[in-house]
Structures are given as C-alpha cells and as structure tokens.
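# Understanding the architecture of this molecule
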Amino acid sequence: MEEDGKKSPPPVQQIFVNDVHTYVSKHVAEIIGEIEAPDESDDDDTGDETPTPLDEPAFQVVGTSINEEKVQNLHQLYVSPSRAELQELLLECDVVVYCVTESAAQQQIEEATWALAVLRDEMENFKTRRYFILVSTLMTWTNFRVSDPNNPVVPFLEEDFLRRRPHPKFRKHNELEKLVLKLPRGKASKLKGYVVCAGFQYGMGENLFHYFFKVSWSMEEPKVPIFGSGENFIPMIHVRDLGRVVQGIIKVKPSSRYILAIDESKNTLEEVVKTISDVLGPEKISKLLPEDAIRMNAFKPEELDCLNVNLQVEASIVSDSLTFDWTSEEGLVKNIKNIVKEYKLARQLLPIKICLIGPPAVGKTTLAMKLCQYYKLHYINVKSMFDEKITQLETIIATEEYEEEVAEEAQAAAHDQLEYIQRTLEDNEGVVTEDLIFEVLREKLYSKGSMNQGFVLDGFPETLDQAKMVFADESQENQDVDVLSKMPRYNKSVTPEYIFSLEAPDDFLFKRVQELPECVAEKMRYTQDEFKSRLGAYRQRCRAPVTLLDFFDHRELHPEYLDISSDDSEYTSSMKKIIEIIGEPKNYGGTPEEQAEQKRRKEEERKQKLAAEAAERKERKAATLAEMTGHYEDWKKNLGMVVEQESEMLEAKALPLRNYLMKYVMPSLGEAMLECSKVKPEDPVDFLAEHLLRNSTED
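Residues numbered from 1 in each chain as written. Predicted model: local features only at pLDDT ≥ 70, side-chain atom pairs only at ≥ 80, totals over all residues. Heavy atoms only, no water.

What follows covers the overall build of the protein. A count of helices and strands for the protein gives 25 helices and 18 strands. Taking the contacts inside the protein whose residues are at least 6 apart along the sequence as the reference set, 77% of them involve residues at least 24 apart. Within the structure as shown, the protein displays about 40,900 Å² of accessible surface, and the carbon and sulfur contribution to it stands at 50%. (Helix = DSSP H or I, 4+ residues; strand = E, 2+ residues; numbered from the N terminus. Contact = heavy atoms within 4.5 Å. Areas by Shrake-Rupley, 256 points an atom, 1.4 Å probe, with all protein chains shown as cover.)

As summarised here, the arrangement of the seven strands in space is β3-β2-β1-β4-β5-β7-β11, forming an open sheet in which the pairing is parallel. In this open sheet, the two strands that pair with only one neighbour each are β3 (76–79) and β11 (258–261). Across the sheet, the mean angle separating the axes of adjacent strands is 20° when strand polarity is ignored. Each of β4 (95–99), β5 (130–137) and β7 (191–198) touches helix α3 (residues 106–122); the most contacted strand, β4, lies at about 160° to it. Sheet contacts for helix α4 (residues 171–181): β5, β7 and β11; angle to β5, the most-contacted strand, approximately 155°. (Pairing = 2+ DSSP bridges. Axes fitted to C-alpha atoms, helices over the stretch in contact; angles between N-to-C directions.)

Mapped onto the secondary structure, Phe132 falls in strand β5. In this structure Phe132 comes out as buried when scored by relative accessible area, which is 0%. The sequence separation of Phe132 and Lys192 amounts to 60 residues, and the corresponding C-alpha distance is 6.3 Å. With residues up to four places along the chain from it excluded, the contact list for Phe132 reads Val96, Tyr98, Ala112, Leu116, Leu119, Val180, Leu191, Lys192, Gly193 and Tyr194. (Buried < 20%, exposed > 50% of the residue type's maximum accessible area, 1.4 Å probe, protein only.)

Along the chain, the position of Leu441 falls in helix α15 (residues 434–445). The exposure class of Leu441 is buried, given its relative accessible area of 3%. Sequence spacing of Leu441 and Val470 is 29 residues, and the spatial spacing of their C-alpha atoms is 8.0 Å. If we ignore the near neighbours within four places in the chain, the residues touching Leu441 are Ile380, Met385, Leu457, Phe460 and Val470.

Bringing the pattern of salt bridges into the picture now. For the structure on display, the rule yields 17 salt bridges. A salt bridge links Asp160 to Arg163; the shortest N-O distance between them is 3.2 Å. One salt bridge connects Glu603 with Arg606, and the closest N-O pair in it is separated by 2.5 Å. Pair noted here: Glu603 and Arg606 are both in helix α24 (residues 592–679), with a separation of three residues, about one helical turn. Note on Glu603: relative accessible area 31%, which makes it partly exposed. By relative accessible area, Arg606 is classed as partly exposed at 42%. (Salt bridge = Lys/Arg side-chain N within 4 Å of Asp/Glu carboxyl O.)

Our focus in this paragraph is a negative patch on the surface. On the surface, Glu434, Asp435, Glu439, Glu462 and Asp465 cluster together to form a negatively charged patch. The element contributing the most residues to the negative patch is α15, with three residues. Mapped onto the secondary structure, Glu434 falls in helix α15. Classification of Glu434 by relative accessible area gives partly exposed; the value is 42%. (Patch = residues over 30% accessible without salt bridge, like charges linked within 9 Å, V, L, I, M, F, W, Y side chains within 5 Å. Lys, Arg positive; Asp, Glu negative; His and termini not counted. Charge placed at Lys NZ, Arg CZ, Asp CG, Glu CD.)

Next up on the list: the packing of aromatic side chains. Within a pair of aromatic rings, the relevant descriptors are the distance that separates the centres and the angle that separates the planes. Throughout the structure, instances matching the rule amount to 19 aromatic pairs. Plain terms: the ring middles of Phe161 and Tyr258 are 4.5 Å apart, the flat faces sit at 5° to each other, and that makes the pair stacked. Of this pair, Phe161 sits in the loop between β6 (156–157) and α4 while Tyr258 is found in strand β11, placing the two residues 97 residues apart along the sequence. Neither residue differs from the other here; Phe161 and Tyr258 are each classed as buried. Through a chain of ring-to-ring contacts, the aromatic side chains of Tyr211, Phe212, Phe227 and Phe299 assemble into a single cluster. The ring of Trp114 has Arg83 lying over it, and the distance from NZ or CZ to the ring centre is 4.4 Å. A cation over a ring is seen here: Lys253 above Tyr131, with NZ or CZ 5.2 Å from the ring centre. (Phe/Tyr/Trp six-rings, centres within 6.5 Å; stacked < 30°, edge-to-face > 60°. Lys NZ or Arg CZ within 6 Å of the ring centre and 35° of its normal.)

And the structure:
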C-alpha cells in the first residue's frame, strides 16, 4: 500500500542468460546487470518531467555456466543444471535471453529450441507477459536472395530480413530464428519473442579476431597474415554494444521483432587487419590462402567461414528505437586505440619494464638475459641497441632489390640515418655521443615490442642527468613550476617500474674480474686499469648528494637492492627474489616447445621432490626403528636384571622356612609316608593324618 503519496518501487524482474562462461553471454549479462534497483529518495520535487529512477525497471540477472567463474553484475549462477532444474528456472524469469552467436553452438541451439518450447507450452499459465530474446548471427544472411541481380553491391536493408538465406552450417540458427518469430502476436499474447541478429563481435579481449591481435602483439611474425583476398565487407559490433542493444530491448520493448545489431563501420577484412597490425604489431600484412589458416591452426573451419563473409547491411531500428551510449559506434578501425587498450587489459598483457643498475662485473647482463628469457622481454643495452639499429637500417636499404612495397621515402630516411650514425661515430673516434644514444634509445623504448611486452635496461642510464633526459615527461616541460612540483615528473609509458640495484663489495668484484680469461677481459673492458677506473667512477656517482637511485625513489619507484656477493653463477636467489616482486609473466607464455619443456621440467621437479620426501620418510622410519630397537634391548636387559634380583630376594626369604621344615616336619612326614607305602591303605591321606596325630600324641 502506498504511503504519503509516494510511488512504490516496481517489482524486481529476473533476467535469464545462458552459458555466461562464453564470450558473448558473459558480456551481455554484465551489461544487462548494470540496470540496478532504483534508489529511494526523500526528494519531493516533481516539477522536472525527466524520468526518475523509479521509471527504470530493477533487474536481477541469473545465468548458467559450466564452471563457477564469477561474472560481474550476475545475481545468481547455476552450474550445469539438469533439464528439470533449468525448466523451473526459466519459468520463474520475466525475460529469457539465449545467445547462440558462437560458431560451434549446436548444443546452444538445441537447448534454446527446447527452452522456447517449454515457455510456449506454459505461456497460458503466465500471469504477466514474458519475453524471449534470441541473439543470433549474421551467418543467417550470407546467402541473401538479391532482388536486383544487375546491382548486387547495393546494401541489404534490415526490413528485408524475410529474404535472408543462411550459410549451410548455420541452417539451425535460421530455423530457430523462425520459431521465435512465429510466437503469437498481439497484446493478448503472454510470450513475445525478439531476434537480435548480431554483427561479428570484437572488443574486451577479442574472440573471432583474437588471432590477428595475438600475432600483432607478439611481434613474432614480420607480417600479419590475412587468409583470403581480404576484400570482403564484415558487419561488426562491439560486444558491449551488443549487450546494450539487448538491454535496450528489455527496457523499451520495441514493436519490431527482428533487429540487426551492427555498428556504423563499413570496413573490409583487410582494413581491419591492417589497422590492428599498424597500431599493435609490425605494420605489415600478407595474404595467404584460406586453407593455410587450417594448416597453421589459426582458425577453425567455421570461424574461417565467418571471416570470409561479404555483407553490407543497412540497419535503422537500433538507432531509431533504442538510445544508449555506444562503446564503439564508428567501428573497430576508428576506435582501434581504445580497442587495443581493452584487449591488453582484458588479457592482462601488461608490459613489464625493468632497469638493472650496479657496478661493473656485478652480473647485470647475465641477470638481464635470464629475465628476458623468463618474462619474454626485450633486452636493451647501448652496444647491442646500436648494432641492432644499424642492421635494421641496412636491411631497409637493401630491401629495394627484392621488395617493391618499401616506400622510397622510408629507404631515403634509413639511408640518411645510417650515414648520420656512421659520421657521428667517425667524428668521435668510435665513441657514441649521448645525444645519439638518447635518440636511438627513445626509438627503442617506444617500439611496438617494448610497448607490448616490456624491456630490461642493462646498465643504462648511468647518471642522474641521463635518467632525466630519457624519462622526462615532455608534455610537462611548458607547465608551471608550482604544478610540476606537486606531481611526479616522468614519462610513465617508457620509465621502468621495477628498479633493481645489484650490490657487491669491491674485493668480490676484483676477484671475479681476475678469474676471467685475458681475451674476455679485454673485450669487456675489464682489464685491471679500465676496471679500476670504471668501478671508481661508479662509486663516486653513488656518493653524490642526489644519485640515480634517488631519481626513481623520489618518484615512488622505489629500488630493490640485491646482494650479489655469493658465488651463485646462475643467480638463482636473485631471480627468485625478482620473481616474487614482479610476479608471474604477463603474456601468452612460451612457444609450444618451451611450454612442453617447462612442463617436463616441472614434472621432473615434482618427481624429485616426491623422491626426496620418500627418502626422508624412509630415513626417519629407519632412525625411529633403530631407536625403538635400542629401547627394546635396554628393556630386555633391565627386565633380566629385575628377574634375577627378584629370584635372589625370594630365595633369601625362603631359606629360614626350609630349615624349619627339615627339622620339625620332614622327619615325621617321611616316616609316615614310609609306613603308608608298606601298609598300602585304601585311604592313604586319612592313614597319614592318623599316623601323624598318633605319633604327635605319643610325643
């Protein structure tokens, strides 16, 4: 009952979403669940005609899954329910949403068909109208019947959905769409159906387009492959925008029952892949045959069918009837930077940026190589960086002979830069100037590989001024000093987030250098005079009022100190400490061979651990048994002594009694027994008693 004229909140509506462990259903459920129950307010101002929160329905999203993985905004999760449990759940819900967009969705199709039949059979018993929303796929449009064969390029219209024809592998999807559209119409109907025909989804970690993102991010291939011509147009939609379309249908309940959910983009597959490669990867693509995708295990056959779709569709119902804030209305190509950020964050592909600082010969290079191998990072050292840059420029210049795709401008720029580096080295007698170091280093830090996976800086920067030059935030150079003093002045994109200072005493370092072969020492500039000078310069920089470590410390990038004074040539303890600080690798892991080797190594370590534990248990058991045996022998010895002592004591106690018997009892008893043996009476005991009594009386 309403009190004080206040409007009571609407009843909670329950929304069902199937298989929330899958890509589309998970994000659809999360978006629908964002509609929360209205907040109660004491504000009596009703002059504003804008709808209040009370006009919004309150939703509780429930879903099924094959695991217990948590889904955001989900009210209740049902793990692998039986058909009877699922039927009871469906009949309790106001809206049932079935997503069957996944390429291998036969089980989903069968379950959705069964669920629709259950609701249709029970709809006469519903007290209020229920809704069934099917999220389908544009694969039901691939063989669209063209009305004008002379002009097949004209985009298909949304209202022409009755002329759609499905791909052979998606006929069951089309049949299910027809079943939903056949539900009774009119206000009297207790069950209304909607079909949301979705474009191919992208965003939030990716699904269908994940291969292109992964190959681009890893930078392992010089070109990102496209399987086919790439000239086909692919209708697409961000997966969160698809969720908002479903959310809008639940809220608005439009009159149209067949709705296309696509964004405004009109891009070909080549444009999509080229954009991904340009922003995330090597900035080059190559075209391969479709069958190569199967051979390379890049895509499944049904996924390849989706990528080869060539459709241009005009949709209007979403823009005309539903109002919401789009995540990517203009499409993947125009929003690629945000899509890449989503991809990295959703898959936790976060770059790991490390800087190793320490005196010469402390082992920075060895440790840096181990870290690069473990975390799959890029190694940055001044010398190797310049060698790599020169090789890269020479390759670009030489490409003219066998590839026409390299622009003349790029070759000319590479030629000029190579000449500049060589001229600078000649002018400075082979010594690399700091300006040149900074220029090449910035280019390396901002490279796709460093920005994607991360890097390990080996021994650079060496000074405070170098750190300021490399890691200064250029966007703050023109700001007021007062503003700058209140915020950290460094470029977060390229500044290392993990600083490790390797420490070792001078005696240890001198001993390590002296043990090196002479040729190695000369190559590494570890001769006695050079090493002493370099070590002295490092110690002097460490005694400065403001040091290189202070640069990071003042910006709350607190260095970690590692003691390298032991003879651990494998740096096992240092690696263990660094891994504890940084955590596990944030990438896709190693190659299949490396993963197999890691698995083999872990299995071997597990077996060694079990063997060591078994040997320890056996040793403890043997020690316990030996201890018990010793205790038993001592017990036996003590028991023998006790028995012997007891026997001696009893014998000592029995001696007076024996003497008494021999003197007073045995003579009379012996005489009686001798007489008894002569007479042999019938009752020898009675005879003995009378004989002893008679002799006793006589005595």
